[in-house]
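As a plain string of letters, each chain reads:
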Amino acid sequence: MLVRTGDSPILVDMSNRTGTKTHRGYQVMWFKRDLRVEDNAALSAAAARGPVLPLYIVEPDYWRLPETAARHWAFIAESLRALSRYLARLGQPLVLRTGDAPAVLEELHVRHGIAELHANEETGGGWTYARDRRVAAFCRAHGIRWHEYRQHGVERGPGSRDGWAARWDALMREPQARAPHLAPLAGVDPQGVPAAVDLGLLADPCPERQLGGRKAGLALLSSFLGERGATYRRGMSGPETGARVCSRLSPHIAYGTLSVREITQATWARQSELRRNGTAGGWRQSMQSFSGRLHWHCHFIQKLEDRPDIETRNLHRAYDDLRPRVPDRTRLEAWCKGETGLPFVDACMRSLAATGWLNFRMRAMLMSVASYHLWLDWRAPGLHLARRFTDFEPGIHWPQVQMQSGTTGINTPRIYNPVKQGRDQDPKGEFVRRWLPELRDIPDRHIHEPWQAENADAVLGRIYPFPILDHLAAARDARQKIWAVRALPGFRDEAAALVVKHASRRKTRRRKKSSDAQMSLPLDAPGGP
């Protein structure tokens, strides 16, 4: 059933039971954000019930949303082609159709007959939820049972966070679903993958974008667990080192070319191997941190599942009138283009534009600067970042955007100092110079504050902008405003209720200056990194 908090159940059977077909037609396997054949519960269950029509629906209306971009589609298109090849080896290639999902299903039902519909659960934004409600109505009208299957740790329906982490662990220990044999279908045209221009998507140059497809994902998993992950914990915070030592699996997780369970099990196996071999602590600590991140993946998506309006409304209502809803266009555009005059911020934004990826700390800093220093409401910057992230995952993105903007009420406001972050993460300015070649003549000691350099007049206002604000004064002003809200009567009561509903119950060791602490949930502690 499709359940979001506050809604009544609206459909069908979510069980994984198998049995005989009750009426004619195909078992339609509807792929969404699960573009794989391995460990795909819905595909395996559909194949156990009869001939399978594996379906992907390209939905033009979805690609008109403000959070979508051609780089997303490029990754998906590559993954769809790879998926179709895998399915063909099993017996039947992928069937692609373009249009509104209920209309596509109606046409397939008329032409071929749909016995039952199968899909893995998806926690998307409001648009996909509304679409699923319309699909549910179609199924009810035609007497078609729609089975949905859980594919990671997010839980549907009314529930409690108590015991959530233990249930996540138990689910991850379950055996992976096997890829089934498929019978070839006669008279069903597979059709091809449309181009971005066919969907009306604007040009979106991303020359260093990660490639889609399961093969690319498996190669990343192998190199991370076998080689690159050795310094993961130590190197994840820097934009340059993070690009090398982070797993880079996020787009493959977001679009499901690999399952969270198979990544988790492979990580656990690597941890066991390291213990058996008596490997030194660095490797083991890195794998422990990465294993924790896999928990956090589902933890944040659970927030959107439980609170669907988190993509559009402040989690804590006390922040509703804090910032102007209409953004300052000059500041927003400077931030989006990487032209704020704050070198480390601009370098991160330009790197993101060209690669589609950025490490967690730098994502947090970009959002912090937009929300605190530039005092922009989080919605417009959040949409820009959604379009830039190849790995855009609504359930992680929007809770994190609010978390880094200080509007959750349950997380410590973290006002990142962009100059200090630059000095800490890029002390020689190598990353800045790569993405801001106009600063090549600025000495190392001033690369993060070029306005302090002796040759500033030759650069600033000519080939690189002056800072659009005094970042220290802006941070002081923002801190006063955000903490004034937290001192209002009733603030803590609402915050405490939000902790009960959304906060993690997983116990973690407190570490001094640990990058893992970036996701902690204390209610108090003024200041910022």
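For the structure, see preceding data.
The structure reproduced in this document is the subject of the present report. Numbering of residues starts from 1 in each chain and follows the order in which that chain's sequence is written. Reporting of local features is limited, given that this is a predicted model, to residues whose pLDDT is at least 70; pairs of side-chain atoms are given and counted only at 80 or more, and all residues count toward the totals for whole chains, interfaces and linings. Side-chain figures throughout are based on the complete set of non-hydrogen atoms in the structure, without hydrogens or water.

Description of empty space enclosed by the protein
In this analysis, the protein atoms alone were mapped onto a 1 Å grid. Cavities are point sets where a 1.4 Å probe fits without being able to get out; pockets are open sets with protein on both sides within 12 Å along at least five of seven lines; lining residues have an atom within 4 Å of a point. Grid points are joined across faces, edges and corners, and a volume is the space filled by probe spheres set on the points. Counted under the stated rule, the structure contains nine cavities of 30 Å³ or more. Its boundaries defined by the atoms lining it, the largest cavity holds a volume of some 820 Å³. Secondary structure counts use DSSP, requiring at least four H or I residues in a row for a helix and at least two E residues in a row for a strand, with both numbered from the N terminus. Put simply, the parts of the chain that give the lining of the largest cavity at least two residues each are α9 (250–254), α11 (281–306), α14 (360–373) and α16 (394–405). Take the lining of the largest cavity: its biggest share by element is six residues, from α11. Of the residues that constitute the lining of the largest cavity, the class distribution is 21 nonpolar, nine polar and six charged. When its volume is computed, the second largest cavity comes out at roughly 300 Å³. Lining of the second largest cavity is provided by 26 residues; of these, R33, Y62, E122, T128 and R131 occupy positions nearest its centre. When contributions to the lining of the second largest cavity are tallied by element, the ones reaching two or more residues are β1 (26–31), β2 (52–58), α4 (126–142) and α16. Element by element, the count of residues in the lining of the second largest cavity is highest for α4, at four residues. Ten residue types, Ala, Val, Leu, Ile, Met, Phe, Trp, Tyr, Cys and Pro, are classed as nonpolar, four, Asp, Glu, Lys and Arg, as charged, and the remainder, Gly among them, as polar.

Quick look at the sheet that holds strand β4 (residues 114–120)
Two strands qualify as a pair provided that DSSP identifies no fewer than 2 bridges between them. Here we have five strands laid out as an open sheet, ordered β3-β2-β1-β4-β5, and parallel in their pairing. The open sheet terminates on both sides in strands that have one partner only, identified here as β3 (95–98) and β5 (145–149). Adjacent strand axes in the sheet meet at a mean angle of 30°, parallel and antiparallel pairs treated alike. Packed onto the sheet, helix α1 (residues 41–49) meets β1, β2, β4 and β5 and runs at close to 160° relative to β4. Contacting β1, β2, β3 and β4, helix α3 (residues 101–111) crosses the sheet at an angle of about 150° to β2. Here, axes are lines fitted to C-alpha atoms. For helices the fit covers the stretch in contact, and angles between N-to-C directions go from 0 to 180 degrees. In this description, contact between two residues means that some pair of their heavy atoms is separated by no more than 4.5 Å.

A few points about the nonpolar core
With 60 residues, the main nonpolar core has W335, C348, M365, L366, L385 and L439 as its most contacted residues. Those elements that place two or more of their residues in this core are α12 (329–337), α13 (343–355), α14, α15 (379–388), α16, α18 (430–435), α19 (471–486) and α20 (491–502). The element best represented in this core is α14, accounting for eight residues. Ignoring anything within four residues of it in the chain, the contact list for L366 reads W335, V345, C348, M349, L352, L358 and L385. We call a set of buried Ala, Val, Leu, Ile, Met, Phe, Trp, Tyr and Cys residues a nonpolar core when their side-chain atoms join them within 4.5 Å. Each residue is assigned to one of three classes by its accessible area relative to the maximum for its type, calculated with a 1.4 Å probe on protein chains only: buried under 20%, partly exposed between the two thresholds, exposed over 50%. Listed in part, the 32 residues of the second largest apolar core include V52, V58, F75 and L87.

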